[in-house]
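One-letter residues, chain by chain:
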Amino acid sequence: MFASVFVITLGLCYCSRASSRSSLGLPRLFGPSEALVKTAIEINCELLTFPEDEPILLQLFREGDHSRLFAEYTSLEGKVANLPIYVKPYHEGNLECVARAQNNSLIEPTVSNIHYLKVIEPVKGAEIEVRSGPLDLFEGNMLELRCKLKAGNHVSYKWLLNGRLVSQSLLHDDRLLINRTTSQDSGSYRCVASNSFNQTDFFTSNSTEVVITVRDLVSTPNISFTVLKEDFQNYSAVVTCRSTRGTPPVTFSLYNSTEVIASVMVEERFATFKVPLVLGQDLGFLQCQATNGDNATYSEKIPLEVVPVGGPVKMPYTYDGGENYDVIGVTFYCKAEKGTHPRYQWFLNGTLLDDRGSFYYVDHQPPEMAMLMLSVGDSSAGTYHCEVSDSFDNTTAISSRRLYLDKRMLNRLPVWVVAVVFGSFTFLILLVSVCCGLGVVFRRRHYGEKSLLDFEMERMTPAYYGKLDLSHYNEDADVVNAARWGEVDKASLDSVDEWPQIEEEKKTLEDEPAEEP
């Protein structure tokens, strides 16, 4: 019996201990979800199921990390724990409350739900860091800027270029990245960092401006030159090197073949050089070089040779037709036999024409030619000619022949056209007559003096009256001739037997009286 009492007592003790271990419920953690750094807040932890007369220790940790205690509170009789914390950046994250019996290690600790706390640190001290290198760069290079902060989290960034917002596609967190820059990316950059607390308090920090210069690479220069007459016998070539794009300053150099003639740095996209010149001589080739950085571009090579205007000046023309084949427009072309720098002038009735008038338009295409295009009418009638002279020396000019033009003359059929048409028609008639005469002569020579009636009778003669070609037959010639005579005799006999009948019919016709009219 003593053994039974011992077993029952042991079982009651075990059940009491098991009950003590399972009597601690799950705590509930709640409080503000957002807080400013360097402010004090309270996080609440409540335990609804707890053993009586047992003090409970409630502790606040970061989820999964119990190495750093944020706050703790000893609760009696289920009192809600107010866990005060002085907010620092490291308090941000998922928080949890651990409840454990303070004086009873047999009770298993329990862990609360997760509560997220967002810690806001106002932004300050924004400044721009140029991570790509120098502030002055050439187009095509990369530009990377970073907005650095002395303090702040949960920050949104805006970038301004010359006071205007930069496209969002170029922004990557706190960085602005342009992979291939152009001159349009030049200007003053500024970053604006901002954040807010509970959407009620807003914080902003503006950086100082950083000036970025993106230089356009100089384009391939064009080269040209004009001739300058210094005095009676001295001439110079004024050479112009010009690029259409490129950020100044630009250095231009002039080469004669491979030798540098001159070099100059300018704040423009062009430069001029003066080179001595001798008319009519080949002085080599000129070429321009342009550079505004590491790269250098070169123009085409042009010959340095000036040939004065000479030879005859020709003035051919073409015309345009309208309805009813009337001439409505004429284009004159003025061309000199030689000359590298010609100047063209057009004249109507000895009066110099401007480049444009009410009925004409002048199109200069040096050095090859110049064109005068005009509409045919009463105002365009007159005598035209052109003159060609050197552009650098107008003391001598070569004139073309003079040509009179009016509407009636242009639309009149030329005499040579009438002559060609009439001559062609006459030639055709003579050709047909000659062919007919030759045909008659040839026929007479071939057939002799036979008349047409003879030819017709020969065509109608029966075949058996002709001579047979006996060479095609194998029979003896006497047999063939006998056969032919037999056929003739038979035909003669048939004719003799028919004579009495013919005579009787003739007599009958004579006896019949003739009918009176």
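Our subject is the structure listed above.
Residues numbered from 1 in each chain as written. Predicted model: local features only at pLDDT ≥ 70, side-chain atom pairs only at ≥ 80, totals over all residues. Heavy atoms only, no water.

Description of the overall build of the chain
A tally of helices and strands in the chain yields six helices and 37 strands. A total of 517 residues make up the chain; the buried ones form 32% of that total. Long-range contacts, defined as pairs at least 24 residues apart, comprise 61% of the intrachain contacts of the chain with a sequence gap of at least 6. Approximately 34000 Å² of the chain is accessible, and the part contributed by carbon and sulfur atoms is 54%. (Helix = DSSP H or I, 4+ residues; strand = E, 2+ residues; numbered from the N terminus. Buried < 20%, exposed > 50% of the residue type's maximum accessible area, 1.4 Å probe, protein only. Contact = heavy atoms within 4.5 Å. Areas by Shrake-Rupley, 256 points an atom, 1.4 Å probe, with all protein chains shown as cover.)

Quick notes on the pairing of strand E24 (residues 270-277)
Regular strands show a simple pattern: their side chains alternate between the two faces of the sheet. Here E24 shows one buried face, formed by Ala-271, Phe-273, Val-275 and Leu-277, and one open face, formed by Phe-270, Thr-272, Lys-274 and Pro-276. Where strand E21 (residues 235-242) lies against E24, eight bridges are found, and the strand directions are antiparallel. Residue Tyr-235 lies in a different strand from E24, and its bridge partner there is Leu-277. (Pairing = 2+ DSSP bridges.)

Observations regarding unusual backbone geometry
The step from Pro-248 to Pro-249 runs through a cis peptide bond, and the omega angle for that step is 0°. The step from Pro-366 to Pro-367 runs through a cis peptide bond, and the omega angle for that step is 0°. With respect to the helices and strands, Pro-367 occurs in the loop between strand E33 (360-365) and strand E34 (369-375). Although it is not a glycine, Asn-162 sits at a positive phi angle of roughly 55°. Positive phi outside glycine occurs at Asp-173, with the angle close to 55°. Position of Asp-173 among the secondary structure elements: in the loop between strand E15 (171-172) and strand E16 (175-178). Residue classification places Asp-173 among the exposed positions, given a relative accessible area of 70%.

A short note on the state of the cysteines
Tallied over the full model, the rule gives four disulfides. Sulfur-sulfur distance for the disulfide between Cys-334 and Cys-386 comes to 2.0 Å. Between Cys-334 and Cys-386 the sulfur-sulfur dihedral comes to about 80°; the bridge is accordingly right-handed. With a gap of 52 residues between them, Cys-334 in strand E30 (residues 327-338) and Cys-386 in strand E35 (residues 382-390) connect regions that are remote in the sequence. A residue is classified by how much of its surface remains accessible, and Cys-334, at 0% relative accessible area, is buried. Judged by relative accessible area, which is 0%, Cys-386 ranks as buried. Of note for the chain: the bonded cysteines, numbered N- to C-terminal, pair according to 1-2, 3-4, 5-6, 7-8. The cysteine Cys-435 is free of any disulfide, with Cys-436 supplying the nearest cysteine sulfur at 6.9 Å. For Cys-435, a relative accessible area of 48% corresponds to the partly exposed category. (Disulfide = S-S within 2.5 Å.)

Topic: the sheet that holds E15
If you walk across this open sheet you meet the four strands as E10-E12-E16-E15, and the pairing is antiparallel. A strand with exactly one partner marks an edge of an open sheet, and here the two such strands are strand E10 (127-130) and E15. In the sheet, strand E12 (residues 143-148) pairs with E16 via four bridges, with the strands oriented antiparallel. Directly across from Leu-143, in E16, lies its bridge partner Ile-178.

Here's the deal with the environment of Leu-165
Position of Leu-165 relative to the elements: it lies in strand E14 (residues 164-165). Classification of Leu-165 as exposed rests on a relative accessible area of 61%. Separated by 25 residues in the primary sequence, Leu-165 and Arg-190 have C-alpha atoms spaced 9.7 Å apart. If we skip the residues at most four places from it in the chain, Leu-165 touches Lys-158, Trp-159 and Leu-160.

Points about the pairing of strand E25 (residues 285-291)
Burial analysis of E25 places six of its seven residues in the buried class, the great majority of the element. Pairing analysis gives six bridges linking strand E22 (residues 250-256) to E25, with the strands arranged antiparallel. Within E25, the position partnered with Ser-253 by the bridge is Gln-289. Of the strand pairs in this sheet, E25 and strand E27 (residues 302-303) are connected by two bridges, and their pairing is antiparallel. Paired with Phe-285 across the strands is Pro-303, a residue of E27. Inspection of the sheet shows E25 paired to strand E26 (residues 296-298) by three bridges, in the antiparallel sense. Within E26, the residue paired with Thr-291 across the bridge is Ala-296.

Bear in mind that shape data such as this cannot, by itself, settle questions of function.
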